[in-house]
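Below are the chains, spelled out letter by letter.
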Amino acid sequence: LTWAVLNAGNDGTPIYNGNTTIGNLIFTLESPQQIDANNSLRVTAPPGFDLQDPNCTEQTPNVRLLAAPRCCRGFRWHPPDATFLSLDEPNPGATRVRCEGAVMEWEIGGVHSGEIVFRISTGNPPSTPVRTSNFWSVSLVDGA
């Protein structure tokens, strides 16, 4: 599994300041093999990052798509009209994406191969985490 994280403001310039909102944190990941249904994907942020939307309620638009009440801040596909994996909850093959604290978990509902690109919103922590923990990680778990 290969992947990259791009921290960019609306003008494409990286955001480094502490306590600053990042509205366009772009993730690109690709697996050399097919990602099968019943697999799970786990993205873990460095200490101090919060991926969970604190304002998520059952009345939040599209909240059913993001497994309320643990919505991810501003989760969206990139580009916006992309449909890498279905998030349509009533669909039996739906992929569920949810966040809690610094962890985003996906329950893959369908089969996918190729690149997956998505965006989230978060904020930089007040200070930069120590070097040994200042990285994002992703893991793919075979549910078979």
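Note: the structure precedes this text.
Small disclaimer: the values here were computed from a predicted structure and weren't measured.

J.: I tried to follow unusual backbone geometry on my own but got confused; where do I start?
T.: Most peptide bonds adopt trans geometry, and most residues besides glycine take a negative phi value. Phi at N19 is positive, roughly 55°, even though this residue is not glycine. Structurally, the position occupied by N19 is in the loop between β1 (2-8) and β2 (21-35). Classification of N19 by relative accessible area gives exposed; the value is 61%. Its identity is not glycine, yet N38 carries a phi of approximately 75°, on the positive side. Examined against the element boundaries, N38 turns out to sit in the loop between β2 and β3 (40-44).

J.: Would you explain the state of the cysteines in this entry?
T.: Every disulfide links exactly two cysteines, by a covalent bond between their sulfur atoms. Enumeration over the complete set of coordinates arrives at 1 disulfide. One disulfide in the model links C72 with C99; its S-S distance is 2.0 Å. As the torsion about the S-S bond is roughly 100°, the C72-C99 disulfide counts as right-handed. Of this pair, C72 sits in the loop between β3 and β4 (76-77) while C99 sits in strand β5 (residues 96-100), placing them 27 residues apart in sequence.

J.: I'm lost on the nonpolar core in this one. Help?
T.: Note that soluble globular proteins tend to have their nonpolar side chains buried in a common cluster. F75, M104, W106, F118, I120 and W136 are the most contacted members of the largest nonpolar core, which totals 24 residues. Taken together, the elements giving at least two residues each to this core come down to β2, β3, β5, β6 (103-107) and β7 (112-123). No other element matches the 5 residues that β2 contributes to this core.

J.: Please explain the pattern of salt bridges as it appears in this structure.
T.: Should the charged atoms of two oppositely charged side chains come close, the side chains can pair. Tallied over the entire structure, the rule returns 3 salt bridges. Residue E105 is joined to R42 by a salt bridge in which the shortest nitrogen-to-oxygen separation is 2.7 Å. Here the residue E105 occupies a position in strand β6, and R42 occupies one in strand β3, the gap between them amounting to 63 residues. On the basis of relative accessibility, which here comes to 28%, the residue E105 falls in the partly exposed class. Residue R73 pairs with D50 through a salt bridge whose shortest N-O separation is 3.5 Å. With R73 in the loop between β3 and β4 and D50 in the loop between β3 and β4, this residue pair connects regions lying 23 residues apart in the sequence. Assessed through its relative accessible area of 25%, R73 is described here as partly exposed.

J.: What is the right way to look at the sheet that holds β5 in this model?
T.: As a general point, the strands of a sheet are linked pairwise by backbone hydrogen bonds and lie either parallel or antiparallel. In spatial order, the strands read β5-β6-β3-β8; together these 4 strands make up an open sheet with antiparallel pairing. Each end of this open sheet is capped by a strand with a single partner; those strands are β5 and β8 (137-141). Mean inter-strand twist for the sheet, computed between neighbouring axes without regard to direction, equals 15°. Relative to β8, β3 is paired through 5 bridges, and the arrangement is antiparallel. Along β8, the bridge assignment pairs L41 with L140.

J.: Before we go on, may I ask you to explain the side chain of T122 in this structure?
T.: Tracing the backbone shows T122 in strand β7. At 2.8 Å, the side chain of T122 forms a polar contact with the backbone oxygen of D50. Not counting residues within four places of it along the chain, the set of residues in contact with T122 comprises T20, T21, I22, L25, F49, D50, L51 and R73.

Each value, and the rule that gives it
- Residues numbered from 1 in each chain as written.
- Predicted model: local features only at pLDDT ≥ 70, side-chain atom pairs only at ≥ 80, totals over all residues.
- Heavy atoms only, no water.
- Helix = DSSP H or I, 4+ residues; strand = E, 2+ residues; numbered from the N terminus.
- Buried < 20%, exposed > 50% of the residue type's maximum accessible area, 1.4 Å probe, protein only.
- Disulfide = S-S within 2.5 Å.
- Core = buried A, V, L, I, M, F, W, Y, C linked by side-chain atoms within 4.5 Å.
- Salt bridge = Lys/Arg side-chain N within 4 Å of Asp/Glu carboxyl O.
- Pairing = 2+ DSSP bridges.
- Axes fitted to C-alpha atoms, helices over the stretch in contact; angles between N-to-C directions.
- Polar contact = N/O pair within 3.5 Å; in protein donor to acceptor, adjacent residues only side chain to side chain.
- Contact = heavy atoms within 4.5 Å.

Coordinates in, geometry out; function isn't part of it.
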